[in-house]
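Below are the chains, spelled out letter by letter.
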Amino acid sequence: MNYIIKKAPFTLLSFISLSVVFSQFLTVYYLPITWLSFSIIGAVCLTIGFFEENTFKVIFCSFLYFLGMYYFVPLNQPLSFSWFSNFWQQVIFQFQQISIGSPNAVSAIVALPLLLALLILLAGLMIQFERFMLSYLLMIGYLLTLSIFNSIQLNGQIAVVFGCAILSVLFTKNQLPKKMVILMTGLTLLAGWAAYALPQSSARTSLTVWTAPVRDYLNQKGLYRKIRELTTSDISRTGFSENDQSLGGPLLDDNTILFEATQETSSYWRVESKDAYTGKGWEIRDGIQPRQMSRRTIEINSNSSQQSLQAAEDASVHFFNHGMYLPLPYGRSNLRVTQGSSGFVQMPESGRINFIDSNNGEKEVDNQWEPVVYQEDALQNVALAQPTDTVADYLQLPVNLPNRVRDLSNEVTQNQTTLLERVTAIEEYLKNSGTFRYSKVDATVPEENQDYVDQFLFESQVGYCDNFSSSMVVMLRTLGIPARWTKGFAPGDRRATSGDKTVFTVRNSHAHSWPEVYFAGYGWIPFEPTPSFSNPDRPATEDSQTPESSTPSSSTSSSSSSSSSSDATAPSEETSEISTFANNNWRENIWLLLKLVGAILLVAIGYFVYKYSLRSQIYLTLKLAKRPLLQSYSILLKRAEKLLPREQSEPLADYAQRFEAKYPAFDGKFTTLTNIYEAEIYGNSPAKQLDTILIKETMHLFERLKQ
């Protein structure tokens, strides 16, 4: 009965914590959560906590183990040897598939036997052996892993397990003072409140903003992509997407190389524009996309009479299995296919060029390209006008667009008069006002009844290029200014070659979107509202640098992306600027942060080593030493001499009495141990029976003394 009473609190706390962990496992693997699920865990805990005979525990827990596996994976067979054989054959097969890298995630038939075995072992550690630190660290670590790999919030569950851990420690430390018990209980309640309340408070926003550059950097390095490969999460990857009907949500960087361009001048790589905003994303309206076939060569020109072009340069682009679309720089292009295709399909309304061939193999195109230059001064006096050479409506907006979007547009441009001033005012508001924050990993998906742009402008205010570019187009349209949403790629990573030519490597992570605004006589001109991006084709002032020199170098250039998902409902676009982390010295900040964390860990480790060094020395001596009493006493004597120096040639018995006179808490234990030590050392023979209890009690008294 005494055993049951002693183990009862540990049995209850173990059942609660193990049930929390097991229920989350069942949720992730879509297994049934029923009363029998928890009954199996409860039976294991009761068996270990109420029965002292170890043989019985092993037999009954083994039975519960196989019963649990049969309950969740019956294989349409009765519980028998045949079921057992088939079950383990499937387990072995799954492990073989994992070893060759076949599955993307560990299946339930593999995870279930491992987790059940682990839960039973943890129950034994916590209930029978009262080893809580390792057990609860494993459970909390498992819940954190589930949260990360499955994009679910488990703050409350982690708080419950942490609370059980604290209570378990309190039950084993009956000698703790009441103040310490109150403090530990308060910390447990505080941790539970924090897990519930902090994610819903402003503290979450502050923490999110502070850690955003770190998480963006990890995203660029592919950490989140690796995590995604091991889970069934629906988070999209960066890259060019054909479907933009449903925008929003986080994106994971994909650094797959799509093409390499060899040319002198950098440029955004334009693929197409879309005219119809649905409130959730963008579409090309039916009936406005005529197609023109070309063989081998094609000339692309905006036919804008007032465009200013630079001297022509020879460029070449090599595509690596990227798809059917042909990204083009701004300006006049004379294209010729040299490898992998027989010609082009042109769609003038959206500006898109496709390769004729349906295969996705490598292709190469030569381009005699004349880069375009737009000057702000030349656009200052251009009046607002609508394009006349199109059937598309570039003022179209959803009928249910919230009025506050239009009100915000008027507020931002209330002091501006010209077309260019109003366009740049909205661009500056989105890019440099400080109201909005760029992040791919923190972007959210609008609710069913929310408008994509409205939700970004007034609620989340966090997103990537799709959010910023869509918002600028919609805000301009509310003012009657024709604008369209354009997608393609940022310039890419540059690497210098011989002569004046530079190789630009463009990856999925460089996919990007931006707005184009119509200026009569000049055509559709690109602008850049996304923070930290620099569009080399954006209109520049006369005294500014040329587009080439104003483009960020590879160490400071930006990248953006769009979703690579081909599903109709998949989120689209985006990527971040590669240089954001470096420009803000976040590499140095991370290194400093790591140094601080490392220093704190070293201090913490040093503290625990120092605090428990006496205990570790005594335990090792009792286990391993040939004459444990002599060595144990020598260790304790050194500790005593640090507290009260021993006089030269002072007998040990006299010193022990003087020591206990100053530290009466020892109550004769140190003196008794000294007498036993002298009897053994002067008698030159080991004690008949080693009093380990006395040694350990003396050790604990030394530990409690303030040094």
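Keep in mind the model is a prediction, meaning the values are calculated, not measured.

1. Observations concerning the overall build of the chain
When its secondary structure is counted, the chain shows 23 helices and 21 strands. Counting across all 707 residues of the chain, residues that qualify as buried make up 47%. Counted over contacts in the chain with a minimum sequence separation of 6, partners at least 24 positions apart contribute 72%. About 34,800 Å² of surface is accessible on the chain, with carbon and sulfur atoms providing 57% of the total.

2. Some points on the packing of aromatic side chains
Under the defined criterion, the tally for this structure stands at 38 aromatic pairs. Ring centres of Phe60 and Phe63 lie 6.1 Å apart, and the angle between their planes is 35°; this geometry places the pair in the tilted category. With Phe60 and Phe63 both in helix 3 (residues 54-72), this residue pair falls three residues apart, about one helical turn. On the basis of relative accessible area, Phe60 is assigned to the partly exposed category, the value being 30%. Through a chain of ring-to-ring contacts, the aromatic side chains of Tyr633, Tyr655, Phe659, Tyr663, Phe666, Phe670, Tyr677 and Phe702 assemble into a single cluster.

3. Considering the nonpolar core
Counting 48 residues, the largest nonpolar core has Val423, Leu430, Leu457, Met475 and Phe519 as the members making the most contacts within it. Considering every element that reaches this core, the biggest residue donor is helix 13 (residues 419-432), with seven residues. Apart from the residues lying within four places of it in its own chain, the contact partners of Phe519 are Leu379, Val382, Leu419, Leu420, Val423, Ile525 and Phe527. Within the second largest apolar cluster, 47 residues are counted, among which are Leu13, Phe22, Leu112 and Ile140.

4. Observations concerning the state of the cysteines
Simply put, disulfide is the name for a covalent bond between the sulfur atoms of two cysteines. A complete count under the given rule lists zero disulfides for this structure. Cysteine Cys45 is unpaired, with the sulfur of Cys61 as its nearest cysteine sulfur at 8.9 Å. Cys45 sits in the buried class, given a relative accessible area of 1%.

5. Some details on the packing of helix 2 (residues 35-50) against helix 5 (residues 108-128)
Where helix 2 contacts helix 5, the two axes come as close as 9 Å, and the packing angle between them is 35°. Considering only the axes of helix 2 and helix 5, their crossing is right-handed. Contact residues: helix 2 offers Ile41, Val44, Cys45, Ile48 and Gly49, while helix 5 offers Leu119, Ile120, Ala123, Gly124, Ile127 and Gln128. Looking at the contact of helix 2 with helix 5, its residues break down into eight nonpolar, three polar and no charged.

6. Some words on helix 13
Look at helix 13: 20 Å from first C-alpha to last across 14 residues, which is about the 20 Å you get at 1.5 Å a residue. Those residues of helix 13 that sit buried are Leu419, Leu420, Val423, Thr424, Ala425, Ile426, Glu427, Tyr429 and Leu430. Buried residues along helix 13 sit against helix 11 (376-379), helix 12 (403-412), helix 14 (452-460), helix 15 (465-478) and strand 20 (511-519). One or two positions beyond helix 13, positive phi appears at Gly434, with a value near 85°.

About the cut-offs
Residues numbered from 1 in each chain as written. Predicted model: local features only at pLDDT ≥ 70, side-chain atom pairs only at ≥ 80, totals over all residues. Heavy atoms only, no water. Helix = DSSP H or I, 4+ residues; strand = E, 2+ residues; numbered from the N terminus. Buried < 20%, exposed > 50% of the residue type's maximum accessible area, 1.4 Å probe, protein only. Contact = heavy atoms within 4.5 Å. Areas by Shrake-Rupley, 256 points an atom, 1.4 Å probe, with all protein chains shown as cover. Phe/Tyr/Trp six-rings, centres within 6.5 Å; stacked < 30°, edge-to-face > 60°. Core = buried A, V, L, I, M, F, W, Y, C linked by side-chain atoms within 4.5 Å. Disulfide = S-S within 2.5 Å. Axes fitted to C-alpha atoms, helices over the stretch in contact; angles between N-to-C directions. Left-handed = near helix turned anticlockwise from the far one by under 90°. Nonpolar A, V, L, I, M, F, W, Y, C, P; charged D, E, K, R; others polar. Expected span 1.5 Å × (residues − 1).

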